[in-house]
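Residues per chain, in single letters:
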Amino acid sequence: MTLTERLVALLDNPLIVKDAVSRMRSWRAPVILTIYLGLLGAFGYASFVTATVLQSSQRAGSAQIGASVFASLAFIQLSLVSLFAPALAAGAISGERERQTFDVLLVSRMTAVGIVWGKLVASVAFMLLLILSALPLFAAVFLFGGIDFEQFVITQLLTVTTAVTIGAVSLFLSAVFRRTLPSTVVAYGVAFAGMIGTLVAGLLFTFALMVRGSAGAAAQAGGDFHPLLFTNPFYALYVVLNDANGTPMHVGRLFQLLFFVTGQPSTIGPTLEPWQATILIQIALVALSVIGAVQLVQARRAPMPSRPPEPQEPAAPDEPPVPAGQEVTP
Amino acid sequence: MIEVEALHKRFAGQVALEEVNFIVPRGEIFGFVGPNGAGKTTTIRILATLAVPDAGTATIGGIKVDDDPHAVRELIGYMPDFFGVYDRLTAEEYLQFYAACHGVPHRRRRPVAHELLELVDLADRAGDQVDTLSRGMKQRLCLARALVHDPSVLLLDEPASGLDPRARIEMRELIRELRRMGKTILVSSHILPELEELCTWVGFIDRGRMVAAGPMADVRNRVLVGRRLRVELVDADDVKLFAARDQIADRTGVIEVSLVENALEVAVEEEFADQELLLALVQAGVAVRSFAPVTGDLSEAFMRLTGPGAERAG
């Protein structure tokens, strides 16, 4: 089997086609796309105006304007993606169950892996479409200069991996919960914790590290950031866009700081940029979510009946059957 | 083709199946009858590899269901007691989707969908979105869906529930047609008359236990002791009725003659020639207004068997 055949086989999943067709036929698809691009465009324009007004006095070049507009676009896109992703994926499996089509899928030749993979691709595909459709906007701002190609690529990559991660975690939750509503609520909670919670907690912990660090070795070059920040896509994006050199840290040092050890910096392991650390964490999260979802789908092959048996009026003569061999009286 | 032996299943401490036994030979239509909550759906879900029994075995085509669920899934077409349909898919796409799920190769999917739509008489609705179809049409589409991989066994859970009489008849004809195609069919219902003239084999279940099961004629004989004929007379009064009863009571094949609601009910043996009884009555000068088999009698027997005070068959 050649590589292309393998790729085609991976995407030749009935669920991908079915979900894509029925999603694109609904009125929601064009509306979501319009809202997404509209918001992105509006914010982009607003930041362009702000940048020109603020920086006109300083006779700023187009590069500075470009960099600042690009940065705000990237942040807004990342926020929008994390807002849309839970809604798009949290009903993937619970929706099949609610529509009572899940059993029928289970008795088909579809494997648990096939079902989870198809659902993941189907829900992530729409987010990729959103990200792709915003590329021209980024490309236009890119022309102003101020952003190099590497920053451009990493920005888009981080957005995609964040979308896939939130999608995968939401998919896992949609396998955990029988209903789409609780699954969506929890998915938003998790997305919020991952996008905002880690940022706030990471900043607080970093502050704690700074306080402790200044009490001890005052000569902390560059400062220590708590590793929780390294898991946060917003922080990763911020570093990519604002610090050309980045703030690479050794893996060993990250583990030291995780447990608030501020002593002699360890140099064990390769160095990681925040965006690299973020993507590694995200890959791990996606893998765990997919494995978890597959396990849950597999387990549901022999589930409880969709309706519990209706309560019967108790039949008086029915004693519970005593298994043979247990009738021995003491 | 289907063998179910001593199935036992509990849900949260409540017994769902206590002792379920039946067999369905190849090519038969098995009517699985019982009140709501008797355990029909649970049994069918076990056969469909969607539930695991606590004890007992279920075998389809010689394969134990929990030994090799994959092989069993290839053999069965399962239609649940609810129909799940997708929004914004046409009837044809719906079938193609399930054909793909069942591993039907690409180039076969369209022809398969077309053949099945033809079979369930929905060919002219192929391009309509599934959610715009009537309930009867959706039900037939779901039956078509259960056939995409050409299974030899069909497990149909209440396929006629919620249908109007016309749609019920269409569904019944469809099931007959499938039998002619050589399929073995298990069809459940909580209403017996729906199945009485369709099924060749029958099984009664009540509160998780089989009450009776076997070929239709055997079960009928066992629970009814013969068939019943209803004879109505012109201007019937007791004198005429008693006179008529005396004419026929001693004939061979007649088990019992009773007076019911100003008419005679004659219990006869299964092989009794009804027309001879009519002939005898007419020759004796009895003015017969109507002469007909009592219908729904199996239902009464079934109600008796499964009623609150029913004696349990071990």
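Computed from a predicted model, the values in this text were never measured in an experiment. (Residues numbered from 1 in each chain as written. Chains lettered and ligands numbered in written order. Predicted model: local features only at pLDDT ≥ 70, side-chain atom pairs only at ≥ 80, totals over all residues. Heavy atoms only, no water.)

> Before we go on, may I ask you to explain the overall build of chain A in this structure?
Assigned secondary structure in chain A consists of 14 helices and two strands. The buried share of chain A, taken over its 330 residues, is 43%. Here the contacts in chain A between residues at least 6 apart in sequence split such that 79% fall between residues at least 24 apart. Taken as a whole, chain A presents about 17000 Å² of accessible surface, with 71% of it coming from carbon and sulfur. (Helix = DSSP H or I, 4+ residues; strand = E, 2+ residues; numbered from the N terminus. Buried < 20%, exposed > 50% of the residue type's maximum accessible area, 1.4 Å probe, protein only. Contact = heavy atoms within 4.5 Å. Areas by Shrake-Rupley, 256 points an atom, 1.4 Å probe, with all protein chains shown as cover.)

> When you look at the pairing of strand E10 (residues 209–215) of chain B in this model, what are you seeing that I'm missing?
Each regular strand displays side chains that alternate between the two surfaces of the sheet. Residue and element names in this part refer to chain B. As paired strands, strand E9 (residues 201–206) and E10 are joined by six bridges and run antiparallel to one another. Looking across to E10, one finds that Asp-206 is bridged to Arg-209. The loop that links E9 with its antiparallel partner E10 comprises two residues; one of these, Arg-207, has a positive phi angle of about 45 degrees. (Pairing = 2+ DSSP bridges.)

> Looking at this structure, I do not really get the packing of helix H2 (residues 14–25) of chain A against helix H3 (residues 91–101) of chain B. What am I missing?
The relative placement of two packed helices comes down to the angle between their axes together with the axis-to-axis distance. Two elements in contact, H2(A) and H3(B), have axes whose closest approach is 9 Å; the angle formed by their N-to-C orientations is 155 degrees. Our classification of the angle between H2(A) and H3(B) gives roughly antiparallel. For the pair H2(A) and H3(B), the contacting residues are Pro14(A), Leu15(A), Lys18(A), Val21(A) and Arg25(A) in the first and Glu93(B), Phe97(B), Ala100(B) and Cys101(B) in the second. Residue composition of the contact of H2(A) with H3(B), grouped by class: six nonpolar, no polar and three charged. (Axes fitted to C-alpha atoms, helices over the stretch in contact; angles between N-to-C directions. Parallel < 35°, antiparallel > 145°, perpendicular 65-115°, else oblique. Nonpolar A, V, L, I, M, F, W, Y, C, P; charged D, E, K, R; others polar.)

> Quick question: what am I supposed to make of the packing of helix H9 (residues 149–176) of chain A against helix H12 (residues 233–242) of chain A here?
Residue and element names in this part refer to chain A. Running from N to C, H9 and H12 cross one another at 175 degrees; their axes reach a closest spacing of 10 Å. Here H9 lies roughly antiparallel to H12, going by the angle between them. Residue-level inspection shows Gln-151, Ile-154, Thr-155, Leu-158 and Thr-162 of H9 in contact with H12, the latter providing Pro-233, Ala-236, Leu-237, Val-240 and Leu-241. Each residue belonging to the contact of H9 with H12 can be placed in one class, and the counts come to seven nonpolar, three polar and no charged.

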